[in-house]
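# Coordinates in review
In case you want the letters, here they are:
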Amino acid sequence: MTKKAFASQGDLEEKTITFTQLGEGLYAFTTEGDPNTGIIIGDDEVMVIDTQATPVMAKKVLSHIREVTDKPVKYVVLSHYHAVRVLGAVAYQPEQIIASAKTHALIHERGQEDWDSEYGRFPRLFQSADSIPGLTWPSLTFTDKMTVYLGKRRVEIMHLGRAHTAGDTVVWVPDSGIMFSGDTVEYRSACYCGDAHFNDWPETIGLLKSFNPQALVPGRGDALTTPDMVSEAIHLTQSFLTDTYTPVAAAAAKGWSLKDAFSACRDVCDPKYSTMRFMNIVCRSMWLGPTMSQTELTIRVSGLLSVTRICGRHCSSNTQLSSAYSLKERKADVAGEDRRKVD
Ligand SMILES: [Zn+2]
């Protein structure tokens, strides 16, 4: 196969950092659609949710934290296992790194593979990659929920169900009604679906919604500072998932080829999402044709990832596509090699 460059490899432009206060001692570090970091300040310590991809990049977050508090970062919470979220953890010098048991298992299973893959695709997100000491391993895990007290401040750390990955974790601050969602909710950003559980994700979002968040820090995109913005992000994320899953599931049930299923997906998604300001993750994650716009590619690749996952589920006796379909195979599919037939 001819070696192609990833479009994202040329995407080195620095993004504008925004440090938004959502409530008393609650902040969001956002960067125009790159992975977000959340901050919770308690009586004597700080909790950070998602770390950035490298320790050097995490220090940018720390410099903003130091503008508002000199308390130590005691806890780092990993919303999920993806490398761009977790590999900067050491910079905070936390006492504990918290993740769900399923996220811990995913780090074991494919943490290195994901690191290698994301490093190749997102050079901008891996500034000073040589500062990464190795995989980030949680020191505390939980199955469904754990409670951490930052002094008087109670923080609920929960795995509400499978969504963007099998181990997604959200963080809820009851005293302020503020949620940190990881990539379970994204704002105006096409969701990466390579590890997704399409059937579970909308229901997991529904559970998150039942907390009635007054503000929310999504995995990507701007901090959502009002209930209306939270509702919009939840609606957009759920719609995108439904619109990718439904046509492909129907095509797979009819025994269509992967390529035909992909076309069916695009028929639904292109008209609805082509005008949206999709940020980047899917665009940057795969091949970029020289004449293809970022928006078109976002839909195309996200749709194709969905197609491969959904078709794979239908054609495999293993209901967990993650084990039926390796990252390598999925990349080959996206690169145009239709190596898996629905029949
Ligand atoms: Zn992710």
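Residue numbers restart at each chain and count upward from 1, following the sequence in its written direction. Two thresholds apply to this predicted model, a pLDDT of at least 70 for residue-level local features and 80 or more for giving and counting side-chain atom pairs, whereas whole-chain, interface and lining totals are computed over all residues.

## With respect to the pairing of strand S9 (residues 153–158)
- Note on pairing: two strands pair once DSSP finds at least 2 bridges between them. The way it works is that DSSP assigns letters per residue, a run of H or I at least four long becomes a helix, a run of E at least two long becomes a strand, and they are numbered from the N terminus. Note: strand S8 (residues 145–150) against S9, six bridges, orientation antiparallel. Residue pairing in the sheet places Thr147 in a bridge with Glu156 of S9.
- Two successive antiparallel strands, S8 and S9, enclose a turn made up of two residues, where Gly151 displays a positive phi of approximately 70 degrees.

## Brief notes about the packing of helix H4 (residues 201–209) against helix H5 (residues 227–253)
- Interhelical geometry of H4 versus H5 gives an angle of 165 degrees and a closest axis separation of 10 Å. Judged on the interaxial angle alone, H5 and H4 are roughly antiparallel. Both H4 and H5 take part in a crossing whose hand is left-handed. Within the contact between the two elements, H4 uses Trp201, Pro202, Ile205 and Lys209 and H5 uses Ile234, Thr237, Gln238, Leu241 and Thr242.
- Any residue that is not Ala, Val, Leu, Ile, Met, Phe, Trp, Tyr, Cys, Pro, Asp, Glu, Lys or Arg is counted as polar, Gly included; the first ten are nonpolar and the last four charged. Of the residues belonging to the contact of H4 with H5, the class tally is five nonpolar, three polar and one charged. Note on geometry: axes are C-alpha line fits, over the in-contact stretch for helices, and angles between N-to-C directions span 0 to 180 degrees. In what follows, roughly perpendicular refers to angles from 65 to 115 degrees, roughly parallel to angles under 35, roughly antiparallel to angles over 145, and oblique to any angle outside these ranges. Handedness of a crossing is defined here by the sense of rotation of the near helix relative to the far one, left-handed for an anticlockwise turn of less than a right angle and right-handed for a clockwise turn. For the purpose of contact definition, each residue receives a C-beta atom placed from its backbone, and two residues are in contact when these atoms lie within 7 Å.

## A short note on the sheet that holds strand S3 (residues 34–41)
- Spatial ordering of the open sheet is given by S1-S2-S3-S4-S5-S6-S7, a layout of seven strands whose pairing is mixed. Edge positions in the sheet fall to strand S1 (18–23) and strand S7 (140–142), since each of these pairs with one other strand and no more. Each strand of the sheet is rotated relative to its neighbour by a mean of 20 degrees, with strand direction disregarded.
- Here strand S6 (residues 96–100) runs beside S7; their pairing, made up of three bridges, is parallel. Within S7, the position partnered with Ala99 by the bridge is Thr141.
- Its contacts with the sheet put helix H1 (residues 55–68) on S1, strand S2 (26–31), S3 and strand S4 (46–49), and the angle it makes with S2 is roughly 150 degrees.
- Where helix H3 (residues 101–121) meets the sheet, it contacts S6 and S7, and its direction lies at approximately 95 degrees from that of S6.

## Here's the deal with the sheet that holds strand S11 (residues 178–182)
- The mixed open sheet is built from five strands, whose spatial order is S8-S9-S10-S11-S12. Edge strands, defined here as strands with exactly one partner in the open sheet, are S8 and strand S12 (215–218). This sheet shows a mean twist of 20 degrees between the axes of neighbouring strands, independent of strand direction.

## Considering the confidence of the model for the protein chain
- Looking at the protein chain, the pLDDT average stands at 81 and 76% of residues meet or exceed 70.
- In the model, residues 1–10 has pLDDT below 50 throughout and makes 12 contacts with residues more than four positions away in sequence or in other chains.
- A score between 0 and 100, pLDDT records how confident the predictor is in each residue. pLDDT under 50 marks residues 314–343. Its contacts with residues more than four places away, or in other chains, come to 56 contacts.

## Points about the environment of Thr147
- Turning to its location among the elements, Thr147 is positioned in strand S8.
- Taking the C-beta count within 10 Å as the criterion, Thr147 has 12 such neighbours and is therefore assigned exposed.
- Taking the C-alpha atoms as reference, Thr147 lies 6.1 Å from Ile157; in sequence the two are 10 residues apart.
- In contact with Thr147, other than residues within four places in its own chain, are Arg154 and Glu156. Here a residue counts as buried when 20 or more other C-beta atoms fall within 10 Å of its C-beta, as exposed when 12 or fewer do, and as partly exposed in between; the C-beta atoms come from the backbone.

## Concerning the environment of Ile107
- By secondary structure assignment, the location of Ile107 is in helix H3.
- According to the C-beta neighbour criterion, Ile107 is buried, with 23 such atoms within 10 Å.
- Distance in space between the C-alpha atoms of Ile107 and His80 is 9.1 Å, their sequence separation being 27 residues.
- Those residues in contact with Ile107 that lie beyond four places of it in its chain are Tyr81, Leu135 and Trp137.

## Section: H1
- A helix is expected to span 1.5 Å multiplied by its residue count minus one. Over its 14 residues, H1 extends 20 Å from the first C-alpha to the last, a length consistent with the 20 Å expected when each residue adds 1.5 Å.
- Turning to H1, its buried residues are Pro55, Met57, Ala58, Val61, Leu62 and Ile65.
- The secondary structure elements touched by the buried residues of H1 are S2, S3 and S4.

## Quick word on the pairing of S2
- For S2, a buried count of six out of six residues is recorded, marking the element as mostly surrounded by other parts of the structure.
- On S2, burial covers both faces: Leu26, Ala28 and Thr30 on one face and Tyr27, Phe29 and Thr31 on the other are all buried.
- Counted between consecutive antiparallel strands, the loop separating S1 from S2 contains two residues, among which Gly25 sits at a positive phi close to 70 degrees.
- Alignment of S2 against S3, held across five bridges, turns out to be antiparallel. By the bridge assignment, Phe29 is partnered in S3 with Thr37.
- Between the end of S2 and the start of S3, which pair antiparallel, lie two residues, with Glu32 showing a positive phi angle near 50 degrees.

## A few points about the nonpolar core
- Ranked by internal contacts, the top residues of the largest apolar core, which has 91 residues, are Ile40, Met47, Val76, Val77, Leu216 and Ala261.
- The biggest single contributor to this core is H5, with 11 residues.
- Not counting chain neighbours up to four residues away, the residues in contact with Ile40 comprise Gly25, Leu26, Val46, Met47, Leu150, Val155 and Val173. Take the buried Ala, Val, Leu, Ile, Met, Phe, Trp, Tyr and Cys residues, join any whose C-beta atoms are within 7 Å, and the set you get is a nonpolar core.

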